[in-house]
Amino acid sequence: MDYILQTDNLCKKYKKNMALDGLCMHVPKGAIYGFVGKNGAGKTTLIRAVCGLCAPTSGSYSLYGIQNTDSEIERIRKHMGAVVETPALTLDMTAEENLRQQYRILGLSSFDGIEELLNLVGLAHTGKKKVRAFSLGMKQRLGIAMAMAGEPDFLVEYLPPGPKKKWVDYGKAVMVGI
């Protein structure tokens with residue numbers, strides 16, 4: 001079986017607090033993999049580690065078979081989309097303008113796919129409405145669309161529960177923290 005993410009005895013300690021303690025998991029390609037835990041259980045720490053925002057204290061993980069200690073891991077992370085905690089949105093722009101900006105940041109050569117992403121997350125109807133006027137749910141869905149820009153193979157999100165099947169049907173592995 002092909003795995004997008006594998007962790008082996010992954011640990012992360014912050015001073016005296018062990019946020020991750022020996023985590024072993026395997027996320028198969030094309031799967032929805034959810035993990036649930038109380039506040040402080042390590043959900044955000046795991047996502048931050050996988051995204052390269054913090055280093056494990058011990059143990060290891062691999063993305064697409066590339067170990068986190070391999071210099072190739074940065075290149076491999078370009079196949080990921082992530083929503084970690086709060087999506088980074090420009091409030092004075094529309095949903096489409098935010099996505100256009102994300103495409104520029106990713107170095108994409110055209111804006112093809114923006115309309116499809118907006119439809120996928122249910123925001124095609126927002127038109128000229130600025131993100132500042134969006135509900136929390138709309139902002140979260142725009143964050144998901146931005147994470148999906150560039151057609152990543154692996155989508156990592158930390159959001160409240162909701163329908164994820166259509167993103168897998170779209171051909172993505174989805175790891176969800178609830």
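This write-up is about the structure you can find in this document.

Rules and cut-offs
The numbers attached to residues start from 1 for each chain and follow its sequence in the written order. Given that this is a predicted model, residues contribute local features only at a pLDDT of at least 70 and side-chain atom pairs are listed and counted only at 80 or more, while totals for whole chains, interfaces and linings are drawn from all residues. Water and hydrogen atoms were dropped before computing side-chain values, which therefore reflect all heavy atoms in the structure. Here, a salt bridge means any Lys or Arg side-chain nitrogen found within 4 Å of an Asp or Glu carboxyl oxygen. Put simply, DSSP marks the helices as runs of H or I at least four residues long and the strands as runs of E at least two long, and each gets a number from the N terminus on. Three exposure classes are used, based on accessible area relative to the maximum for each residue type with a 1.4 Å probe and protein chains only: buried under 20%, partly exposed in between, and exposed over 50%. Every residue pair with non-hydrogen atoms within 4.5 Å of one another is taken to be in contact. The distinction between a cavity and a pocket rests on a 1 Å grid over the protein atoms alone: a 1.4 Å probe fits inside a cavity but cannot get out, while a pocket stays open yet meets protein on both sides within 12 Å along at least five of seven lines, and a residue with an atom within 4 Å of a point counts as lining. Grid points are joined across faces, edges and corners, and a volume is the space filled by probe spheres set on the points. Residue polarity follows a fixed list, in which Ala, Val, Leu, Ile, Met, Phe, Trp, Tyr, Cys and Pro are nonpolar, Asp, Glu, Lys and Arg are charged, and the others, Gly among them, are polar. When DSSP finds two or more bridges between a pair of strands, those strands are recorded as paired.

## Structural notes on the pattern of salt bridges
Using the criterion set out here, one finds five salt bridges in the structure. Linking arginine 75 and glutamate 72 is a salt bridge whose minimum nitrogen-to-oxygen distance equals 2.4 Å. Notably, a salt bridge pairs arginine 132 with aspartate 92, separated by 2.5 Å at the nearest N-O pair. Remark: aspartate 92 occurs in the loop between strand 6 (80-83) and helix 3 (95-106) and arginine 132 occurs in the loop between helix 4 (114-120) and helix 5 (136-148); sequence separation between them is 40 residues. Aspartate 92 carries the same exposure label as arginine 132, and that label is exposed.

## Description of the side chain of lysine 12
Within the element layout of this structure, lysine 12 appears in strand 1 (residues 3-14). Leave out the neighbours within four places in its chain, and lysine 12 touches Asn17, Met18, Ala19, Leu20, Thr45, Cys54, Ala55, Pro56 and Thr57.

## Points about the environment of cysteine 54
Within the secondary structure layout, cysteine 54 lies in the loop between helix 1 (43-50) and strand 4 (58-63). C-alpha of cysteine 54 to C-alpha of lysine 12: the two residues are 42 residues apart in sequence and 8.8 Å apart in space. Residues contacting cysteine 54, with those up to four places away along its chain left out, are Lys12, Tyr14, Thr45, Arg48 and Ala49.

## What about the layout of surface pockets?
Looking at the largest pocket, its volume works out to about 720 Å³. By residue class, the composition of the lining of the largest pocket is 16 nonpolar, eight polar and three charged.

## Quick notes on the sheet that holds strand 4
Read from one edge to the other, the open sheet built from four strands follows the order 2-1-4-5, with strand pairing classed as antiparallel. Here the strands that pair on one side only, and so sit at the sheet edges, are strand 2 (17-28) and strand 5 (66-67). Bridging between strand 4 and strand 5 involves two bridges; their strand directions are antiparallel. Residue pairing across strands places serine 62 opposite glutamine 67, the latter belonging to strand 5.

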